[in-house]
Amino acid sequence: MKEFTSIRQLPDLQEALREARYVKEHPFADQELGRNRTALLVFFNNSLRTRLSTQKAAMNLGMNVMVLDVNQGAWKLETRRGVIMDSDKSEHLLEAIPVMGSYCDLIGVRSFAQFESREEDYGETVLRQFIEYSGRPVFSMESATRHPLQTLADILTIEEHKSSARPKVVMTWAPHPKALPQAVPNSFAEGALLAGYDLVIANPEGYDLDPEFTRGATVTHNQDEALEGADFVYAKNWSAYGGDNYGKVLNRDMGWTVTAEKMALTNNAFFMHCLPVRRNMIVSDDVIESPRSLVIPEAANRVVSAQTILKMMLRDL
Ligand code: CP
């Protein structure tokens, strides 16, 4: 695999899940595969799980790892072509990317929605430049529109806990004080549909996601109705996608917080969230601390998902 920016790029999801289970049981079986290979992880914003789990995954495969925090310690990077570089940005991404590529064998990139323009964010300008100019296979560690390593970990976690072939999975919007990207919910919807789950998406009016990601899911503005009979509740905040409201916070209704009363509507559902999570905004303390909360095993599966993808990419070098 030469590029991994969406779960749809997996040649076969079920085969990838089989590989993931093998990786989980035998984390050090492929130490030779990564010997003398270097992964460069480039972060344009903060991260705890992606940073640590991807490093751990690369180390499990015997790789060397370098991490670059673009906003801490590197030259400030200009991303737009054609601008007169008389601001505080000392280097252009178009030189920086091939230089980075010359130091490594694989590149992981975390870019992020800027919320200046939907077209620019959904065009994935930064990620696409890495793919075009680095000369190396590139994998996404979350981009403006998707978070495929998270999604693969989420699907693996559901597969490990489901008790029916086609569980009802409810992805629900929940309130948050700041504008967050649509990357995780877009990507989760894409993955849950690819996995064949009965996916219901509940969000307030004005928060419908890009249909490109949700086609095939049931979308509703009634959270209680959605939660009835759910086997998994996947909570997430996202900012508005549509119309002139792109990237805006339109609603902070705490009636959407996932509480024990809300979970009581479900089929004793498991609770999931990609983390980091704002307690008592997205989810109440008792729900996230309950025995049905999967947030820690879900985060632990991030090592497995990253290792599965790195392994597939290393094989094709
Ligand atoms: N879930 C996730 O990607 O977490 P980080 O932002 O901490 O990497």
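Residues numbered from 1 in each chain as written. Predicted model: local features only at pLDDT ≥ 70, side-chain atom pairs only at ≥ 80, totals over all residues. Heavy atoms only, no water.

**Student:** How should the domain arrangement of the protein be read in this particular structure?
**Tutor:** When the parts come together, some accessible area is lost, and that loss is often what is quoted as the size of the interface. Under the domain assignment used here, the protein contains domain 1 (3–146 + 302–315) and domain 2 (150–299). Summarising the inter-unit geometry, the C-alpha centres of domain 1 and domain 2 are found 25 Å apart. Facing the 27 residues of domain 1 at the interface are 34 residues of domain 2. Roughly 2,700 Å² of surface becomes buried between domain 1 and domain 2 when both sides are summed, with 63% attributable to carbon and sulfur atoms. At the surface where domain 1 touches domain 2, the tally comes to 4 salt bridges. (Domains from an automatic or database assignment. Contact = heavy atoms within 4.5 Å. Buried area = accessible area lost by both parts, 1.4 Å probe. Salt bridge = Lys/Arg side-chain N within 4 Å of Asp/Glu carboxyl O.)

**Student:** So what exactly am I meant to see when it comes to the packing of helix α6 (residues 148–161) against helix α12 (residues 295–315) here?
**Tutor:** With their axes 8 Å apart at the nearest point, α6 and α12 run at an angle of 120 degrees to one another. Our pair here, α6 against α12, has a crossing hand that is right-handed. Where α6 abuts α12, its residues Leu149, Gln150, Leu152, Ala153, Asp154, Leu156, Thr157 and Glu160 lie against Pro297, Glu298, Asn301, Arg302, Val304, Ser305, Ala306 and Ile309. (Axes fitted to C-alpha atoms, helices over the stretch in contact; angles between N-to-C directions. Helix = DSSP H or I, 4+ residues; strand = E, 2+ residues; numbered from the N terminus. Left-handed = near helix turned anticlockwise from the far one by under 90°.)

**Student:** Is there a simple way to think about the sheet that holds strand β8 (residues 168–173) in this case?
**Tutor:** Note: strands within a sheet are paired through backbone hydrogen bonds, in either parallel or antiparallel orientation. Pairing is parallel across the open sheet formed by 5 strands, whose spatial order is β10-β9-β8-β11-β12. The sheet terminates laterally at β10 (218–220) and β12 (270–272), the two strands that pair on one side only. Ignoring strand direction, the axes of neighbouring strands in this sheet form an average angle of 20 degrees. Direction of pairing for β8 relative to strand β9 (residues 198–202): parallel, over a ladder of 5 bridges. Bridge pairing links Met171 to Ile201 in β9. The sheet contacts of helix α7 (residues 183–194) involve β8, β9 and β11 (232–236), and relative to β9 the element is tilted by about 160 degrees. (Pairing = 2+ DSSP bridges.)

**Student:** What's the story with the site of the ligand in this structure? I'm lost.
**Tutor:** Ser47, Leu48, Arg49, Thr50, Arg110, His147, Gln150, Cys274, Leu275 and Arg302 make up every residue found near the ligand. Here an oxygen atom of the ligand and a side-chain polar atom of Ser47 are 2.7 Å apart. Thr50 is positioned such that a nitrogen or oxygen atom in its side chain is 2.7 Å from an oxygen atom of the ligand. In isolation the ligand exposes 260 Å². Once the protein is present, 93% of that is buried. For the shell around the ligand, the residue count by class is 3 nonpolar, 4 polar and 3 charged. (Near = heavy atom within 4 Å. Polar contact = N/O pair within 3.5 Å; in protein donor to acceptor, adjacent residues only side chain to side chain. Areas by Shrake-Rupley, 256 points an atom, 1.4 Å probe, with all protein chains shown as cover. Nonpolar A, V, L, I, M, F, W, Y, C, P; charged D, E, K, R; others polar.)

**Student:** Even after reading the chapter, I still don't get the nonpolar core, so can you show me in this structure?
**Tutor:** General note: in soluble globular proteins, nonpolar side chains tend to be found buried as a group. Core analysis: the biggest nonpolar cluster contains 73 residues, and Leu10, Phe139, Met171, Leu199, Phe271 and Ile309 have the highest contact counts within it. Dropping the residues within four chain positions of it, Phe139 is found in contact with Phe4, Leu41, Thr54, Leu106, Ile107, Gly108, Val109, Leu149, Leu310 and Met313. (Core = buried A, V, L, I, M, F, W, Y, C linked by side-chain atoms within 4.5 Å. Buried < 20%, exposed > 50% of the residue type's maximum accessible area, 1.4 Å probe, protein only.)

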